[in-house]
Amino acid sequence: QVQLVESGGGLVQPGGSLRLSCAASVSIFAIYSMGWYRQAPGKSRELVATITISGSTKYADAVKGRFTISRDNAKKTVYLQMNSLKPEDTAVYYCTADKPYHDYVTGLGSWGQGTQVTVSS
């Protein structure tokens, strides 16, 4: 079980930027593919972005070109840089770590507690 702690959420105006961080408490971070999901009020949790062990990235169509996922294995942290934020990006953002050595993200691994992102003027 990987312990994950998200940070960096908050209130931002439309068009603004935020960077979310997710720190993992684990011996070797590099063996975990990581992902960000989000859940808006009244909606199901949805995939935002993933980054695999090999560094491949994938994005939801709604955030392509605006969000960037990255990882720093030495710091055991995954990031989500969010630019050109829109009100529809408002949600609780969750970090997930898949099972060790999976070069993909299934959403069936460990989860953080979430961080609130609110985009509003």
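Student: Please explain the environment of Tyr 79 as it appears in this structure.
Tutor: Considering the arrangement of structural elements, one finds Tyr 79 in strand 8 (residues 77-82). Distance in space between the C-alpha atoms of Tyr 79 and Ser 21 is 4.6 Å, their sequence separation being 58 residues. Excluding residues within four positions of it along the chain, Tyr 79 makes contact with Arg 19, Leu 20, Ser 21, Trp 36, Thr 68, Ile 69, Ser 70 and Asp 72.

Student: What should I look at first to understand the sheet that holds strand 1 (residues 3-7) in this one?
Tutor: Sheet architecture is open: four strands sit in the order 1-3-8-7, paired in antiparallel fashion. Whereas interior strands pair on both sides, the edge strands pair on one side only; in this sheet they are strand 1 and strand 7 (67-72). Neighbour-to-neighbour, the strand axes of this sheet turn through a mean angle of 15°, independent of strand direction. Taken together, the six bridges between strand 7 and strand 8 define a ladder with antiparallel strand orientation. Paired with Ser 70 across the bridge in strand 8 is Tyr 79.

Student: I keep staring at the pattern of salt bridges and nothing clicks. Help me out?
Tutor: Two side chains carrying opposite charge are able to pair once their charged atoms lie near each other. Per the counting criterion, the structure on display carries four salt bridges. Close ionic contact of Lys 64 with Asp 61 constitutes a salt bridge, the shortest N to O distance being 3.1 Å. Across the salt bridge formed by Arg 66 and Asp 89, the nearest N and O atoms sit 2.8 Å from each other. Taken together, the residues Arg 66 in the loop between strand 6 (57-59) and strand 7 and Asp 89 in the loop between strand 8 and strand 9 (91-97) connect sequence positions 23 residues apart. For Asp 89, a relative accessible area of 1% translates into the label buried.

Student: I'm lost on the packing of aromatic side chains in this one. Help?
Tutor: Given two aromatic rings, one states the distance between the centres and the angle between the planes to describe the pair. Here the structure, examined in full by the defined rule, presents two aromatic pairs. Seen from their ring centres, Tyr 37 and Trp 111 are 5.0 Å apart, and the 70° between their planes marks the pair as edge-to-face. Of the two residues, Tyr 37 is situated in strand 4 (residues 34-39) and Trp 111 in strand 10 (residues 110-111); the sequence distance between them amounts to 74 residues. Classification of Tyr 37 as buried rests on a relative accessible area of 12%. In this structure Trp 111 comes out as partly exposed when scored by relative accessible area, which is 27%. Taking the centre distance of 6.5 Å and the plane angle of 80° together, the rings of Tyr 94 and Trp 111 count as edge-to-face. Of this pair, Tyr 94 sits in strand 9 while Trp 111 is found in strand 10, placing the two residues 17 residues apart along the sequence. For Tyr 94, a relative accessible area of 14% translates into the label buried. An aromatic cluster is present here, built from Tyr 37, Tyr 94 and Trp 111 joined pairwise through their rings. Seen from the ring of Tyr 94, Arg 45 lies directly overhead, with NZ or CZ sitting 3.8 Å from the centre. Of note, Arg 45 hangs over the ring of Trp 111, and the distance from its end group to the ring centre comes to 4.6 Å.

Each value, and the rule that gives it
Residues numbered from 1 in each chain as written. Predicted model: local features only at pLDDT ≥ 70, side-chain atom pairs only at ≥ 80, totals over all residues. Heavy atoms only, no water. Helix = DSSP H or I, 4+ residues; strand = E, 2+ residues; numbered from the N terminus. Contact = heavy atoms within 4.5 Å. Pairing = 2+ DSSP bridges. Axes fitted to C-alpha atoms, helices over the stretch in contact; angles between N-to-C directions. Salt bridge = Lys/Arg side-chain N within 4 Å of Asp/Glu carboxyl O. Buried < 20%, exposed > 50% of the residue type's maximum accessible area, 1.4 Å probe, protein only. Phe/Tyr/Trp six-rings, centres within 6.5 Å; stacked < 30°, edge-to-face > 60°. Lys NZ or Arg CZ within 6 Å of the ring centre and 35° of its normal.

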